[in-house]
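Residue strings, one per chain:
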Amino acid sequence: MPHTVELPRSSTGEYQLFVSGDYEIRLFGDPLAQQGTDAPSLRIKLDVAFEEPDALIRETSQDVVCDFVDGFAFGSAIGIGLRSTTNWMTVTKAVLTQELDGFGIELVQETKLAPGQTRIIPLKLQQHLPIWDGNLELGLTVESEILDSTYLKVSLPLRQLPRWTPDSHTPIKASFFYAGSNPTIFTVLPPRISHEGAHARPILALHGAGVDILQHNFWPEAMPSNNFSWIIMPAGRTSWGLDWHGPSAQEAWGAVSALSEILQANDAWKDQAFPNDSKVVLIGHSNGGQGVWHMATHFPDRVAAAVPAAAYIKSQAYIPLTQARYAHYMDPMLRAILESSLTPDDNDLHLSNIAHSPVLAVHGGSDGNVPAWHSRELVSVLRTLEPNGNASLKEDRGQDHWYNTVLNNQDVQQFVSHHTRAEGPKAEPPLSFTLTVSNPSETDSLYGWKIHSLFIAGRLGILRIDVQGDGIVKVSSNNVQSFSVRDENIISDIKALIIGSQTFSRSHFTQLPVVFTLASDKWTTESGVSLPFSIPTRLQAILTTVGPINIVFDEEQAFSLAKRLAHDLHLYHRLDSELISAGDNSLHMHSTGNSVVIGTLQSVSVQRALREARTPFRLYNGSLVLGGKPLPTNTECK
């Protein structure tokens, strides 16, 4: 994606350009295996061009356009990629410039572009009748701070597809609004047998690193043959994403809900729609296989079964930190804080959450990328946690990291088909189970029990549930400050709930959810209240947002940093951001997304953020205070 750079004045007219590139072994592979040499090599393509100032550039590679099936849009989101060169510009209006009966568009929100910034303009489709055109003709009204209002004509090519049949099984590009206003594409495969999609759980398929699901059919063609279920293939924000953690996982679950809504909104597709709250069967390969372990252990109540293929345990096990430089210089206590920030990504520490879930791990016995011991170890731990569980390993002797039948084979097909069928009585939860959490804001419920807060951040929180018969349930906890129960079937069966030395009778559970809180060594309970907000325990959580990330600045140096940050958020995570001057209160006060404030302690924006008490930090007598203790200045740190 182009990055606009304003060059400083040069007395000679000459400029020096420095280029650096990182060899990411997970993306490019071991150079010895891939290139036959110990020395890694990179090929970097660099194009440099001069641009006119005050220009608005169409970035067609950033457009988001869903497919049309039988003349109807397979989604409600359209996105138009724009980039401003050197001026602030705001898209204030969008209109359809062609006559289309029963079809319209609406600008989701006014979208401001900072100088050099690329954004995807969000448009919402409104359709009541089919259209068969090959292009969608639009007009955008753009306001500028220094130029007159301009009108930009946009033409978006449309791909028209016939309705799917058992003989026509083409991948369909669908769209939805990620984080409320960010147009996002995902791909789906319809069930081969008509009218079966409503009666089977969907399959959520997570691709590996570097796999572009939009440009190539490699991933759809690798899916196991399935007659009954919708197969949903999200992009994960980018082909690399965040290892299906954070925003990548958020997008994956959003795609599941979006497909359900797309099908239910069209009378011709309603009979193919699965419930919005349907559980899924998770499958994935390589980085996507690791994502299966992560999403299954962190969202256990949303997963009916899991098939992780060629998966690694966690990043530290895949690319060991043995030679990490910080190990030689950092105080062990400080290093522990750093490593604790990675705990939410440690899939092996959260395996208790799927100890009773059906899991079929698949691995090539001669995998030269992710050694097979990763899957062996994970399945071994599951079998240790629950000897009578349903975890198994299919290790294919002599196979490497990828082979055409890694997912498309009889064993996987039978496993997936069995667990996608949603008919029959609902499975009863086990009599005893354990919920393990490291970051409550990144972990959902297990059998309706959810941990909301911990006493010590970075430490594991554990909740052990034992059903002892005759309506008696015993709960034990470690490092858990609050938890809730929100399943009516669970509450209706409880006559007495015992936590430590305290017993709560059925009269305490009058309304859902029921929230338990520990304070001063005593548990209290409330019914029918709002669930407590789970405070994130690491900085990375700011990427998981419900709206554009707001980047607030108040001086030129901070503005330069804000533009670079916005560019990287879009390039590497495909996250939208709004750049806001500290003097512009209107946008900042009404935004729903997370916020980043750039400045010093003397900056108005920083002082305002501290004054609003949105963080544990405070400003006292000109010094930054955390937990009532003043933090050292840069001089004192030296």
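This is a predicted model, so every value here is computed, not measured.

1. So, the pairing of strand β18 (residues 359-364)
With six of six residues buried, β18 lies mostly within the body of the structure. Neither face of β18 is left uncovered, since the one carrying Val359, Ala361 and His363 and the one carrying Leu360, Val362 and Gly364 both have all their residues buried. Across two bridges, strand β17 (residues 303-309) lies against β18 in parallel orientation. From the neighbouring strand, Ala309 faces β18, where its bridge partner is Val362. In this structure, β18 lies alongside strand β19 (residues 391-396), joined through six bridges in parallel fashion.

2. Considerations on the sheet that holds strand β32 (residues 617-620)
Across the sheet, three strands lie side by side as β32-β33-β34; this open sheet has antiparallel pairing. One side of each edge strand has no neighbouring strand; the edge strands of this open sheet are β32 and β34 (629-630). Pairing of β32 with strand β33 (residues 623-626) involves four bridges; the strand directions are antiparallel. Bridge pairing in β33 places Phe617 opposite Leu626.

3. Observations concerning a nonpolar patch on the surface
A surface patch of nonpolar side chains, about 680 Å² in accessible area, is lined by Leu17, Val19, Phe28, Leu42, Ile44, Leu46 and Val48. Here Leu46 shows up in the loop between α2 (31-35) and β1 (56-58).

4. As for the sheet that holds strand β7 (residues 111-113)
Read from one edge of the open sheet, four strands run β7-β5-β9-β10, paired in antiparallel fashion. Each of the sheet's edge strands pairs with one partner strand only, and the pair in question is β7 and β10 (150-157). For this sheet the average axis-to-axis angle between neighbouring strands, irrespective of direction, equals 35°. Pairing of strand β5 (residues 89-96) with strand β9 (residues 135-144) involves seven bridges; the strand directions are antiparallel. From the neighbouring strand, Val95 faces β9, where its bridge partner is Gly139.

5. Let's talk about the nonpolar core
Counting 62 residues, the largest nonpolar core has Phe74, Phe186, Leu204 and Met295 as the members making the most contacts within it. Sort the elements by how many residues they give to this core and helix α4 (residues 247-264) lands first, with nine residues. Residues in contact with Met295, not counting those within four places in the same chain, are Leu204, Leu206, Trp244, Ala249, Ala252, Trp253, Leu282, Pro300 and Val303. Ile105, Leu138, Leu140 and Ile185 belong to the second-largest nonpolar core, a separate cluster that totals 30 residues.

6. Focus: unusual backbone geometry
Here the amide bond leading from Leu512 into Pro513 is cis, since omega sits at -5°, within 30 degrees of zero. Mapping Pro513 onto the fold places it in the loop between β26 (502-505) and β27 (514-519). With phi around 75°, Arg237 is a residue other than glycine that occupies positive phi space. Along the chain, Arg237 falls in the loop between β15 (231-234) and α4. By relative accessible area, which is 5% here, Arg237 ends up buried. The backbone of Ser286 sits at a positive phi, close to 60°, despite the residue not being glycine. With respect to the helices, strands and loops of the structure, Ser286 is situated in the loop between β16 (280-285) and α5 (287-298).

7. Comments concerning the pattern of salt bridges
Using the criterion set out here, one finds 17 salt bridges in the structure. The shortest N-O distance in the salt bridge between Asp67 and Arg159 comes to 2.6 Å. Taken together, the residues Asp67 in the loop between β1 and β2 (68-69) and Arg159 in the loop between β10 and β11 (160-161) connect sequence positions 92 residues apart. Overall, the relative accessible area of 37% leaves Arg159 in the partly exposed class. Three or more residues joined by partner-sharing salt bridges are found here, namely Glu51, Glu59 and Arg83.

8. With respect to the packing of aromatic side chains
Under the defined criterion, the tally for this structure stands at 19 aromatic pairs. When the ring of Phe74 is compared with that of Trp164, the centres are 6.2 Å apart and the planes differ by 90°; the resulting orientation is edge-to-face. Residue Phe74 is located in the loop between β3 (72-73) and β4 (77-84), and its partner Trp164 is located in the loop between β11 and β12 (172-178); the two are separated by 90 residues in the primary sequence. Taken as a pair, Phe74 and Trp164 share a single burial class, namely buried. Aromatic rings pair up to connect Trp449, Phe483, Phe504, Phe509, Phe516 and Trp523 into one cluster. In this structure, Arg237 is placed above the aromatic ring of Tyr178, and the distance from its NZ or CZ to the ring centre is 4.0 Å. Over the face of the ring belonging to Phe559 we find Lys563, whose NZ or CZ atom lies 4.6 Å from the ring centre.

9. Overview of the side chain of Lys394
With respect to the helices, strands and loops of the structure, Lys394 is situated in strand β19. In this structure the side chain of Lys394 is engaged in a polar contact, spanning 2.6 Å, whose partner is the side chain of Asp396. Sequence-distant contacts of Lys394, that is, excluding residues within four places in its chain, are made with Leu360, Ala361, Val362, His363, Asn409 and Asp411.

10. A look at the side chain of Arg538
Tracing the backbone shows Arg538 in the loop between β28 (522-527) and β29 (549-553). A distance of 2.9 Å separates polar atoms of two side chains, one belonging to Arg538 and the other to Asp345. Excluding its chain neighbours within four sequence positions, the residues that come into contact with Arg538 are Ser341, Leu342, Pro344, Asp345, Asn439 and Glu442.

11. Notes on α4
With 18 residues, α4 should cover 26 Å at 1.5 Å per step; its first-to-last C-alpha distance of 26 Å lies within 8% of that length. The element α4 is largely enclosed, with a buried count of 15 among its 18 residues.

Rules used in this analysis
Residues numbered from 1 in each chain as written. Predicted model: local features only at pLDDT ≥ 70, side-chain atom pairs only at ≥ 80, totals over all residues. Heavy atoms only, no water. Buried < 20%, exposed > 50% of the residue type's maximum accessible area, 1.4 Å probe, protein only. Helix = DSSP H or I, 4+ residues; strand = E, 2+ residues; numbered from the N terminus. Pairing = 2+ DSSP bridges. Patch = residues over 30% accessible without salt bridge, like charges linked within 9 Å, V, L, I, M, F, W, Y side chains within 5 Å. Areas by Shrake-Rupley, 256 points an atom, 1.4 Å probe, with all protein chains shown as cover. Salt bridge = Lys/Arg side-chain N within 4 Å of Asp/Glu carboxyl O. Axes fitted to C-alpha atoms, helices over the stretch in contact; angles between N-to-C directions. Core = buried A, V, L, I, M, F, W, Y, C linked by side-chain atoms within 4.5 Å. Contact = heavy atoms within 4.5 Å. Phe/Tyr/Trp six-rings, centres within 6.5 Å; stacked < 30°, edge-to-face > 60°. Lys NZ or Arg CZ within 6 Å of the ring centre and 35° of its normal. Polar contact = N/O pair within 3.5 Å; in protein donor to acceptor, adjacent residues only side chain to side chain. Expected span 1.5 Å × (residues − 1).

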